[in-house]
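# Fold and geometry: a report
Chain residues, written in single-letter form:
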Amino acid sequence: MELKEIRKKERQTENERRKEQMIDVAFICFSKKGMEAASISDIAKEAAFGEATVYRYFSNKETLVLECGKKFWHMAADFFDAETNTETFRKASGIQQVESMMRAACRFYENERAAFRLIHDLDVFLLSHQVQKEQLKEYEEAVDALRPYLCEAIEKGKEDGSIANKADTLELYYTITNGIFGLMQKQAAGSLLSTDLNVNEKRKIELFVELLIAGVRDFYGK
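Residues numbered from 1 in each chain as written. Predicted model: local features only at pLDDT ≥ 70, side-chain atom pairs only at ≥ 80, totals over all residues. Heavy atoms only, no water.

Time to look at the nonpolar core. In this structure, F30, L64, W73, M102 and I176 are the most contacted members of the largest nonpolar core, which totals 69 residues. Here this core gets 10 residues from one element, more than from any other, and that element is helix α4 (residues 61-84). Dropping the residues within four chain positions of it, W73 is found in contact with I119, Y139, A142, V143, L146 and F181. (Core = buried A, V, L, I, M, F, W, Y, C linked by side-chain atoms within 4.5 Å. Buried < 20%, exposed > 50% of the residue type's maximum accessible area, 1.4 Å probe, protein only. Helix = DSSP H or I, 4+ residues; strand = E, 2+ residues; numbered from the N terminus. Contact = heavy atoms within 4.5 Å.)

Scanning the model with the defined rule gives 14 salt bridges in all. In this structure, E138 and K70 form a salt bridge, with 2.8 Å as the shortest nitrogen-oxygen distance. Of the two residues, E138 sits in helix α8 (residues 137-143) while K70 sits in helix α4, which places them 68 residues apart along the sequence. Taking relative accessible area as the criterion, K70 reaches 13% and is therefore assigned buried. Through salt bridges that share partners, E99, R103, E210 and R217 make up one connected network. (Salt bridge = Lys/Arg side-chain N within 4 Å of Asp/Glu carboxyl O.)

Mapped onto the elements of the fold, Y149 is located in helix α9 (residues 147-160). By relative accessible area, Y149 is classed as partly exposed at 21%. If near-sequence neighbours (up to four positions away) are discounted, Y149 is found in contact with A77, F80, D81, T84 and M101. Reaching out from Y149, the side chain makes a polar contact with the side chain of D81 at a distance of 3.3 Å. (Polar contact = N/O pair within 3.5 Å; in protein donor to acceptor, adjacent residues only side chain to side chain.)

The values are spatial; any link to function lies outside them.
Listed below in structure tokens is the structure:
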């Protein structure tokens with residue numbers, strides 16, 4: 001390999017490292033302060049880069065916000081990949097796998113509560129800043145990174161008889177994930193009403209998951 005090519009690869013690697021560092025710092029800043037409150041200046045300072053350097057990698061704040069959103073869903077996909085990549089999980093029936101992943105979602109929330117606040121803020125931020133649909137394509141792909149894990153379990157259940165064939169796989173997938181992750185995002189964002197505090201946050205999520213599991217077993221189970 002020529003020296004020119006070696007140096008080019010080194011520059012690409014360094015650029016990728018810098019970009020990832022900025023995303024990591026932005027992720028923490030947005031999680032702690034909120035998307036509107038945390039500025040590019042704050043992120044640049046925390047990352048020990050000049051503000052102009054940040055803009056060299058990200059054309060605007062919206063672009064950086066989307067990268068942080070993708071990071072969250074990649075974290076979630078990695079978590080569920082580890083949870084499902086066991087012999088015990090593989091031997092379980094389809095409905096047992098679905099239940100296992102619902103309970104795993106609770107553990108993921110406990111580990112990454114601050115990150116769930118970021119995702120809650122991200123949805124509000126993107127709506128208020130009127131981000132165009134074409135800009136959301138890669139982010140939507142990252143969100144859908146979870147789909148294979150749960151859909152494969154649902155399909156397995158339909159094959160082994162533990163889930164009724166009447167179940168629409170995608171319908172069930174989106175209902176489960178929107179329900180669980182939606183509640184978690186709301187809880188992470190905090191409570192405005194005193195009545196929200198009548199049930200402990202952790203208990204509320206656990207109860208919701210238990211009710212959802214029971215509903216799936218009753219409506220789709222055999």
